[in-house]
Amino acid sequence: MNAVSFSHTSTTKVFSGILTTMRMRNLVIGLLFLTVLSPILLYTDKLSSSFTPSSSKQEDVNAFTLPTDTRHLNVLPQEESSTVIKEPIGIVYTDHINSSSNTIVTEKDLQLPDAREHKYARVLSATDDEVHSQTDNIIKQIIQTTNQEEEESQSDNGSDQESQQKTQVQLEQQSAVNSGDDDEKDALLTETSKQADQTAMPDARVRQLRDQLIKARVYLSLPATKNNPHFTRELRMRVKEVQRVLVDATKDSDLPKNAYAKLNAMDQLLEKGKQMQDDCATMVKKLRAMLHSTEEQLRVHKKQTMFLTQLTAKTLPKGLHCLPLRLTTEYYNLNSTEQQFPNQEKLDDPSLHHIALFSDNVLAAAVVVNSTITNSKHPSKLVFHIVSDRLNYAAMRMWFLVNRPGVATIQVQNIEEFTWLNSSYSPVLKQLGSRSMIDYYFRAARASSDSNLKYRNPKYLSILNHLRFYLPEIFPKLNKVLFLDDDIVVQKDLTGLWSLDLKGNVNGAVETCGENFHRFDRYLNFSNPLISKNFDPRACGWAYGMNIFDLKEWKRQNITDVYHTWQKLNHDRQLWKLGTLPPGLITFWKRTHPLERRWHVLGLGYNPNVSQREIERAAVIHYNGNMKPWLEIGMPKYRSNWAKYVDYDHAYLRECNINP
């Protein structure tokens, strides 16, 4: 009995377990049906209903005709908001902005136009041949326009209006190319342009990064970009990255190692942004507005730069102000016998090599004397005649008394000692002392707005600058004199200049025909009949700063009277602006013997592109311009040629804190 009861109980438990297992399985199957199969069935039902188009959708599809060639479809981004497959559309637009207008683009012009302001004619490309032919024509137009711009940019007479029109046409044509369907030709044109830039310029990558920043800013201002917050954030992030990469980079070597990666990342993002844009006319307008704004800023900055450079050139650094004061104090502490130079008997010997130097800058004069003696084969034959003004006369004497020029002879004179040089004899002296002339130089309001700001330098008020026209009066017993400016450095022996045959001419100088701005018409007013009747506007100019003068011929041809005559005619500054080169060109017209270019190389005070080979070959290098080597604005690449003739360990220089 017990066995039967036990067996029945076991069977009951087994069946109970089986029933429980079946219930669990059914429950699991039900849950699977709810969580997996139900969504699939619902999605299938919805998908089938979506394939039943409405009447409006059916009309759109029926009205749309696909072209025979659909190979461009695979490069288009998917359109999320529509289920209709669209073929890429060529956009032909007409921009109604007047390209001939010179009006500055205002903030109102920068606002996005309404959709009604620009009319678009959307057309489909009929055949692939038409697309190719149209793109070829556009590319040819762009190349022709670019060539025309390059030719016209070399001319000084191109107007701002013509430049604006050409820029607008080029931008519109470029936009038309970008909106075409022939992606291969567009990519080829872009790649060719990039390669040309990289070949022609050492800073091609820097320029490309800057161009990317400009393009990114344009995209950020367009509605298609503003409507895409994710793209906007990414583009702003890339802009900050490129800005950090550029910082103060001016050439490719200044860029960090990751610059190329940043450039590629930005390029890819901009390409994505390009796909988003459909309003080419708005982009053209934005670019045109940016171009006008940049050109205007450039003009303002150029004007400010010129004014500040002039101001810096006129200002005497503290060290150069301290030095003459210190030397003057020491000079007047000497007794009369200690204030005299030796070898004064050589001053009138015509067989020696005489050099005239007129300067109020002690340090500059010291470099001229030191460099000339250092590179001379016969320093004992050199005789330096230095003339300074009343303020710097004692300092100049003291410097050369302390720093004797070795076996060379030196003389320092005060211009006040030339009693013959007065306003009754010299018309220029009378003009320099007039109220109108002083007012011309020192009225700041006029100076800041004058287009001829480079002529407004008070050095032209100093008679020292015009003393070069009175060499026979200063040196009546000499036959030849070498004139040197105080902003030159002598690098070779100059002995050959005194034995040079000038062939009856008065002035020996290096011509500057290779530079357009050194021809006569750049210095003289040929609209005045006095100038146009007597001179050739395309005649070669020549350089002041290192000139060998034949004083015998000077006296015979009465050159000083020629100079006085023209100075009287120019009392109202209608024949030429101020300075000494224009009257020099007139006075020595057809009386100048051209020297070989190696004797005198100019431009180290304004031209950063003077070749090192030219500098090394030159007998004399000239820091003409505002960027003098003793000023902070002097160009560092040329300063060493001047600084090596300065002893910065000298006690006077250390006391005045004059450093290299």
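Scroll up a little and you will see the structure.
What counts as what
Residues numbered from 1 in each chain as written. Predicted model: local features only at pLDDT ≥ 70, side-chain atom pairs only at ≥ 80, totals over all residues. Heavy atoms only, no water. Phe/Tyr/Trp six-rings, centres within 6.5 Å; stacked < 30°, edge-to-face > 60°. Helix = DSSP H or I, 4+ residues; strand = E, 2+ residues; numbered from the N terminus. Buried < 20%, exposed > 50% of the residue type's maximum accessible area, 1.4 Å probe, protein only. Lys NZ or Arg CZ within 6 Å of the ring centre and 35° of its normal. Pairing = 2+ DSSP bridges. Expected span 1.5 Å × (residues − 1). Disulfide = S-S within 2.5 Å.

A. Quick peek at the packing of aromatic side chains. This structure, assessed with the given rule, holds 21 aromatic pairs. Geometrically, the ring pair formed by F469 and F588 is stacked, given 6.5 Å between the ring centres and 15° between the ring planes. On the criterion of sequence distance, the pair formed by F469 in the loop between α16 (444-447) and α17 (471-474) and F588 in the loop between α21 (581-587) and β10 (592-595) is long-range, its members being 119 residues apart. By relative accessible area, which is 1% here, F588 ends up buried. Geometrically, the ring pair formed by F549 and F588 is tilted, given 5.5 Å between the ring centres and 40° between the ring planes. A residue pair is termed long-range when its members are at least 10 positions apart, and F549 in strand β9 (residues 546-550) and F588 in the loop between α21 and β10 qualify at 39 residues. Given a relative accessible area of 0%, F549 falls into the buried group. R468 extends its terminal NZ or CZ atom over the ring of Y544, reaching a point 4.8 Å from the ring centre. Geometry around W599 places R598 over its ring, the cationic atom sitting 4.8 Å from the centre.

B. Representation of the sheet that holds strand β7 (residues 488-490). Within the open sheet, the three strands sit side by side as β7-β12-β11. Their pairing is mixed. Both outer strands of the open sheet, β7 and β11 (600-601), are each paired with one neighbouring strand and no more.

C. Main features of helix α6 (residues 204-220). The first and last C-alpha atoms of α6 sit 24 Å apart over 17 residues, in line with the 24 Å expected at 1.5 Å per residue. Looking at α6, one finds that the buried residues are A204, V206, Q208, L209, Q212, L213, A216, V218, Y219 and L220.

D. Broad picture of the state of the cysteines. Scanning all chains against the criterion turns up two disulfides. The disulfide bridge from C322 ends at C656, spanning 2.1 Å between sulfur atoms. Around the S-S axis, the bridge from C322 to C656 shows a dihedral of about -70° and counts as left-handed. Linking C322 in helix α11 (residues 318-331) with C656 in the segment after α24 (651-655), this pair joins segments that are 334 residues apart in sequence. Look at C656 and you get buried, because its relative accessible area is 6%. One disulfide in the model links C513 with C540; its S-S distance is 1.1 Å. Residues C513 and C540 share a disulfide whose torsion about the S-S bond is about 135°; that sign makes it right-handed. Of this pair, C513 sits in the loop between β8 (507-510) and α18 (529-532) while C540 is found in the loop between α18 and β9, placing the two residues 27 residues apart along the sequence. Look at C513 and you get partly exposed, because its relative accessible area is 21%. Since its relative accessible area comes to 24%, C540 is described here as partly exposed. Cysteine pairing in the protein follows 1-4, 2-3, where each cysteine in a disulfide is numbered by its order in the sequence.

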